[in-house]
Amino acid sequence: MTINTRKEHDYWDPNRTGFVTNYPNFMQWRRMESGQMGTEGKPLNLYLHTPFCVQRCSYCYYKTTNLRGTDKNARMERYVNALCQEIKLAADHYQLGNRPINSIYFGGGTPSLLPEALLERVAQTLQDTFKLGHQPEFTLEAEPITLTPGKAELLKSLNVNRISMGVQSFDDGIIKGSNRSDSEKKALKAIEIAKQTGAVINIDLMSGLAGETMDTWRHSVGRALSTGVESITVYKTELYTNSTYYKQLRDQTIVLPSDEEELVYMQYAQDRLMEAGYQPWSFYTFTKNGENVHKHSPSIFRGDDCYAFGVSAFGRLGDWVFQNSNEEERYLQFIDEGQIPVQRGHFLTSQDNMTRDVVLTMKLVSLNLDNFQAKYGFRLEKLCADAIGELRNEGYIDVSEEEIRLTPKGVLHGDYSGKRIAQSLMRMYH
Ligand code: SF4
């Protein structure tokens, strides 16, 4: 009888020896610590969502609530109480409380609209539920007109160390045309207030708003740079059928820049930002000297968990991606009944995970090929050699032994390179 050596050939030779007890063969396994297993030691990101806004911006396609005509304080209080209850409920249900927290992101909607007492209540609930002694990155989205000196002081005391200001434009005509209540003067004042807190400040701009011209765009980019903030994000305006822009465009009451014009605006912004020493950590966010890179989004894009709280919030836990109920009343009802308010989800297959990793990691300008192989066992550059070769020849990416990196042209074209490599991956499966 053949002695079973548990070597590779026992698996593959045409005989009945080499009973498969496990795969891969445990001769390939390496020493490990118990802490490496399970989810307990794995970093967790937290996302909190509030749906309330000062107004409905004309380009907005999110599900938001402006509080006109309602008892706004009572409504916000009821919602925040539910949010705090959900935090405790989900942390208990999924045993999240002992996991190391990588980042907290309070988005919306407009979280800076919440009264100070409610912001404090949310922060206190997080403190009581999670281990936050190391003061993880804590971002709060703010609309300029809602950021008073008192609120900024409070945010500082709550350990908010990154404030993301939704400015969008510094041109008063464009701001007004977007149905926003800000102005250039108010935005600049709010940015100064935010800077006093010592937090990292990010300014969001949007390229392609109604009425934008090269002159107005030059002005907005120049103003953003003049503030000296650590981080500047430029989002492309996207048109969706549930936005006011869509109706206005249909009624021919506004003109939006064409995609080609928008590309020219983005190219201009990219050039000015990079000349000023801002480096992209994603194709849409640039930080001064490449410092103060955001922790929250890159962690999620690389596949870490993000538990999402609040109405319509999107999250990920293990191989599940999920979304909470997107109806405020239904969400509140779930919480009243002591239930996790999840509405829909998707279990990520290994194919989903691999494709998702390519698309989302490529947002971060570079994809590490060794990390990809360590995770999936494949050399991506061999698996998708054609697509990667074409993208390189067309000037969108550079490829080395270690990584695929977006060129400035690749950064300008956003998700294009990631989507094209992912498409090539998907074709192999179908
Ligand atoms: S502030 Fe943001 S979330 Fe609220 S309506 Fe405007 S774009 Fe939408």
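Computed from a prediction, not measured in an experiment: that's the story for all the values here.

Enquirer: It is not clear to me how the overall build of the chain should be interpreted in this structure. Could you clarify?
Expert: When helices and strands are counted, the chain shows 17 helices and 17 strands. A globule of 430 residues ought to have a C-alpha radius of gyration of about 22 Å, and the chain, at 24 Å, matches this closely. Projecting the C-alpha coordinates of the chain onto the three principal axes gives extents of approximately 85 × 55 × 40 Å. Looking at the chain as a whole, 50% of its 430 residues qualify as buried. The contacts of the chain with a sequence gap of at least 6 include a subset with a gap of at least 24, amounting to 69%. Counting only carbon and sulfur atoms, one obtains 50% of the accessible surface of the chain, whose full area is about 21500 Å². Of the side chains in the chain, 48 bear a positive and 54 a negative charge, and the two mean positions are spaced by 2 Å.

Enquirer: Would you mind showing me how to read the site of the ligand here?
Expert: Around the ligand, the structure places Cys53, Gln55, Cys57, Tyr59, Cys60, Thr64, Gly109, Thr110, Glu143 and Arg180. For the shell around the ligand, the per-class residue count stands at 4 nonpolar, 4 polar and 2 charged.

Enquirer: I keep staring at the nonpolar core and nothing clicks. Help me out?
Expert: A general feature of soluble globular proteins is that nonpolar side chains tend to end up buried together. Counting residues in each nonpolar core, the largest one holds 104 residues, and the members touching the most others are Leu126, Phe130, Met165, Tyr307 and Leu380. Among the elements that make up this core, the one with the highest residue count is helix α2 (residues 72–93) (9 residues). The two domains that each donate at least three residues to this core are domain 1 (3–18 + 27–298) and domain 2 (349–430). Once residues lying within four places of it in the same chain are set aside, the contact partners of Tyr307 are Leu44, Asn45, Leu46, Tyr47, Glu86, Ala90, Tyr94, Leu96, Arg316, Leu317, Phe322 and Ile340.

Enquirer: What is the right way to look at the domain arrangement of the chain in this model?
Expert: Accessible area lost upon the coming together of the parts serves often as the stated size of an interface. Structurally, the chain comprises domain 1 (3–18 + 27–298) and domain 2 (349–430). One C-alpha centre belongs to domain 1, the other to domain 2, and the line joining them spans 25 Å. The interface of domain 1 with domain 2 comprises 10 residues on the first partner and 10 residues on the second. Overall, the association of domain 1 and domain 2 removes approximately 940 Å² of surface from exposure, summing both partners, and the carbon and sulfur fraction of that is 72%. Looking at the side of domain 1 facing domain 2, the largest losses of area belong to Leu263, Gln270 and Phe283, adding up to 57% of the total buried there. For the interface between domain 1 and domain 2, the tally reads 0 salt bridges.

Enquirer: Got a minute to help me understand the layout of surface pockets in this structure?
Expert: To locate leftover empty space, one rolls a probe as large as a water molecule over the atoms. The calculated volume of the second largest pocket comes to roughly 620 Å³. Counting residues per element, the ones that place at least two in the lining of the second largest pocket are α10 (296–301), α12 (350–362), β15 (366–368) and α13 (369–376). Residue contributions to the lining of the second largest pocket peak at 6 residues, all from α12. Taken together, the residues that form the lining of the second largest pocket break down as 8 nonpolar, 8 polar and 10 charged. Residue contributions to the lining of the second largest pocket reach at least three from each of two domains, namely domain 1 (3–18 + 27–298) and domain 2 (349–430).

Enquirer: Got a minute to help me understand helix α9 (residues 259–275) in this structure?
Expert: Count 3.6 residues to each turn of an α-helix, and residues three or four apart come out pointing the same way. Here α9 is 17 residues long and its end C-alpha atoms lie 24 Å apart, about the 24 Å a rise of 1.5 Å per residue gives. Listed in full, the buried residues belonging to α9 are Glu262, Tyr265, Met266, Tyr268, Ala269, Gln270 and Leu273. In this fold, the buried residues of α9 make contact with β7 (200–207), α7 (214–226), β8 (231–236), β9 (278–280), β10 (285–288) and α16 (408–412).

Enquirer: I would appreciate a short explanation of the pairing of strand β6 (residues 162–168) in the present structure.
Expert: Walk down a regular strand and you will see the side chains alternate between the two sheet faces. The element β6 is largely enclosed, with a buried count of 7 among its 7 residues. Going residue by residue along β6, you find Arg162, Ser164, Gly166 and Gln168 tucked away on one face and Ile163, Met165 and Val167 tucked away on the opposite face as well. Sheet topology note: the strand β5 (residues 137–142)/β6 ladder contains 4 bridges and is parallel. Opposite Thr139, over in β6, you have Arg162 as the bridge partner. In the sheet, β6 pairs with β7 via 6 bridges, with the strands oriented parallel. In the sheet register, Gln168 faces β7, and the bridge partner there is Leu205.

Enquirer: Got a minute to help me understand the pattern of salt bridges in this structure?
Expert: Where charged atoms of side chains with opposite charge meet at close range, the side chains can pair. Tallied over the full model, the rule gives 20 salt bridges. Put simply, Lys236 and Asp259 hold a salt bridge, and the shortest N to O gap is 3.3 Å. A residue pair is termed long-range when its members are at least 10 positions apart, and Lys236 in strand β8 and Asp259 in helix α9 qualify at 23 residues. You can call Lys236 partly exposed: its relative accessible area is 35%. On the accessibility criterion, Asp259 (51% relative accessible area) is exposed. The residue Arg379 makes a salt bridge to Glu381 at a minimum N-O spacing of 3.0 Å. Here the residues in one salt-bridge network are Glu143, Arg180 and Asp182, joined through shared partners.

Enquirer: Explain the confidence of the model for the chain to me, please; I cannot follow it from the model alone.
Expert: Detailed reading of the predicted model is not advised wherever pLDDT is low. Here the chain averages 94 in pLDDT, and 96% of its residues register 70 or above. Interface confidence for the predicted complex, given as ipTM, is 0.99, next to a pTM of 0.94.

Enquirer: What is the right way to read the pairing of β7 from this model?
Expert: Along β7, 8 of the 8 residues are buried, which leaves the element largely enclosed by surrounding structure. Across the two faces of β7 the burial is the same, with Val200, Asn202, Asp204 and Met206 and Ile201, Ile203, Leu205 and Ser207 all buried.

Procedures and definitions
Residues numbered from 1 in each chain as written. Predicted model: local features only at pLDDT ≥ 70, side-chain atom pairs only at ≥ 80, totals over all residues. Heavy atoms only, no water. Helix = DSSP H or I, 4+ residues; strand = E, 2+ residues; numbered from the N terminus. Rg over C-alpha atoms; globule rule 2.2 N^0.38 Å. Buried < 20%, exposed > 50% of the residue type's maximum accessible area, 1.4 Å probe, protein only. Contact = heavy atoms within 4.5 Å. Areas by Shrake-Rupley, 256 points an atom, 1.4 Å probe, with all protein chains shown as cover. Lys, Arg positive; Asp, Glu negative; His and termini not counted. Charge placed at Lys NZ, Arg CZ, Asp CG, Glu CD. Near = heavy atom within 4 Å. Nonpolar A, V, L, I, M, F, W, Y, C, P; charged D, E, K, R; others polar. Core = buried A, V, L, I, M, F, W, Y, C linked by side-chain atoms within 4.5 Å. Domains from an automatic or database assignment. Buried area = accessible area lost by both parts, 1.4 Å probe. Salt bridge = Lys/Arg side-chain N within 4 Å of Asp/Glu carboxyl O. 1 Å grid on protein atoms, 1.4 Å probe; cavity = no way out; pocket = protein on both sides within 12 Å on 5 of 7 lines; lining within 4 Å. Points joined across faces, edges and corners; volume = space filled by probe spheres on them. Expected span 1.5 Å × (residues − 1). Pairing = 2+ DSSP bridges. pLDDT = per-residue confidence, 0-100.

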